[in-house]
Amino acid sequence: MQITRRLATFGLLAGGLSACSAGMSAPLAPAPAEEVMPSVPNPGWDAWVQNFRGRALSRGVSAATFDRAFADAGYMPGVIERDRNQTEFTRTLEDYLQIAAGPKKVELGRDAFARQRANLAAIEARYGVPAEIVAAIWGVESNFGTRRGAIPVVSALSTLAYDGRRGEFFESQLTEALKILQNGDVTPDRMTGSWAGAMGHTQFIPTSYAALAVDFTGDGRRDIWSDDPTDALASTANYLARNGWRRGEPWGHVITPGNPGSGGTVIQPQPGGPQFRVFHNFNVIKRYNNSTNYALGVGHLSDRLTGAPAIEGPFPPDRYGLTKVQRLDLQRRLNVAGFDAGDPDGVLGSQTESAIRAFQQSRGLPVTGEPSIELLRALGG
């Protein structure tokens, strides 16, 4: 949460990264199935672990905790592959909002919000952060707990500390992870998360967990991993409160002819797209993930969870000259033609690209994987 960098991965969410998940700012992408990465023998990693053991013990980790944590840990080449092959890209705000607050996410979120209403109300009463804001972060980070990450955190962090690009950072996260185990909040087999060590329903990295996670249920453990999201949701509210959330103030709103508003700051993240009037709490959300699109995604999803309509303001065509309606039509037509573009949502990701490539190859066209008006016409659009 404390440092930022541009990162493109699926996000949030749990199989990937967000600001909370690894102290980084990350574009959002659709959540894939939970990743499972095998560990493999690696003498270099073995030697590094033995050297690290002394450093860990000097920092307050007990020998018993260390040995228990590493008993089933191993080197994970898949983690390094993910770390070194992150495609730098940014999504438009239109795409981001479709992923963060699309119809399916909203439907799932309203059900989850209803189930957790009592807990969220109690959390709001204690920390002053609206229930819908906390729930929206839950939705963006782990799809309401359905994508918490399945990779052993000790293995992932030790792999990155040994063989990654930022060994010192990940070694500090690994040290804190061991202290979490030592404290009894979780066991090594349950301490799972993303490939970069993000954990739980709202994707805390170990250092942020150590500083801001809370035991809201009162069972003696700050459990952000279990099916019960209460501690994770309360920890998120605590994070926002500690970073200056102002009780009773809005995050912002989309500017419409009927709701121009006043005060705050007017922003237009996507040229030609809608304008927003944002306030202090919008910047507090950005402390969770230092991304304007992220904060707008959380804010808009929070509004949608409580019954607000989708944003109807116009968005300009994308860089390929396609509107959202045309992108939806392209995906539907690819599916009808037998080229699987996935569930049409207007967001052109890797599955749509693969479908386009397959179609282009079948027609003897240059295989680019890129959408276009001409491609839509070739599909009968």
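In case you missed it, the structure is sitting above this.
A brief report on the enclosed structure follows. (Residues numbered from 1 in each chain as written. Predicted model: local features only at pLDDT ≥ 70, side-chain atom pairs only at ≥ 80, totals over all residues. Heavy atoms only, no water.)

Quick look at the sheet that holds strand β3 (residues 252–254) now. Strands sit in the order β3-β5-β4 across an open sheet of three strands; the sheet is antiparallel. Strands with a single pairing partner mark the edges of an open sheet, and in this sheet they are β3 and β4 (265–267). Pairwise comparison of adjacent strand axes, ignoring direction, gives a mean angle of 20 degrees for this sheet. (Pairing = 2+ DSSP bridges. Helix = DSSP H or I, 4+ residues; strand = E, 2+ residues; numbered from the N terminus. Axes fitted to C-alpha atoms, helices over the stretch in contact; angles between N-to-C directions.)

Turning next to the nonpolar core. Ranked by internal contacts, the top residues of the largest apolar core, which has 87 residues, are F70, V154, L178, M191 and L240. In terms of residue count, helix α8 (residues 131–142) provides more of this core than any other element does, eight residues in total. The residue makeup of this core includes at least three contributed by each of domain 1 (43–87 + 148–219 + 234–241) and domain 2 (93–144 + 245–306). Judged by nonpolar contacts, the second largest core, of 11 residues, contains L322, L330, F359 and L379. (Core = buried A, V, L, I, M, F, W, Y, C linked by side-chain atoms within 4.5 Å. Buried < 20%, exposed > 50% of the residue type's maximum accessible area, 1.4 Å probe, protein only. Domains from an automatic or database assignment.)

The next point concerns the pattern of salt bridges. Counted under the stated rule, the structure contains 18 salt bridges. Here R59 makes a salt bridge to E171, at a shortest N to O gap of 2.9 Å. Of this pair, R59 sits in the loop between α2 (43–58) and α3 (63–70) while E171 sits in helix α10 (residues 167–183), placing them 112 residues apart in sequence. Overall, R59 belongs to the partly exposed group, its relative accessible area being 36%. Two residues, D83 and R165, come together in a salt bridge whose shortest N-O distance is 3.0 Å. Of the two residues, D83 is situated in helix α4 (residues 77–84) and R165 in the loop between α9 (153–163) and α10; the sequence distance between them amounts to 82 residues. One continuous salt-bridge network, built from bridges that share partners, spans R91, E94, D95, D318 and R327. (Salt bridge = Lys/Arg side-chain N within 4 Å of Asp/Glu carboxyl O.)

Within a pair of aromatic rings, the relevant descriptors are the distance that separates the centres and the angle that separates the planes. Summed over all chains, the structure comprises 13 aromatic pairs. Taking 5.5 Å as the distance between ring centres and 80 degrees as the angle between the ring planes, the aromatic pair formed by W138 and F144 counts as edge-to-face. An identical accessibility class is assigned to W138 and F144; each is buried. Residues Y209 and W225 carry aromatic rings whose centres are separated by 5.5 Å and whose planes lie at 45 degrees to one another, so their mutual orientation is tilted. Taken together, the residues Y209 in helix α11 (residues 206–212) and W225 in the loop between α11 and α12 (230–242) connect sequence positions 16 residues apart. Among the aromatic side chains, those forming a connected cluster through ring pairs are W45, W48, F52, F66 and F70. A cation over a ring is seen here: R166 above F169, with NZ or CZ 4.4 Å from the ring centre. (Phe/Tyr/Trp six-rings, centres within 6.5 Å; stacked < 30°, edge-to-face > 60°. Lys NZ or Arg CZ within 6 Å of the ring centre and 35° of its normal.)

Geometric values such as these leave the question of function open.
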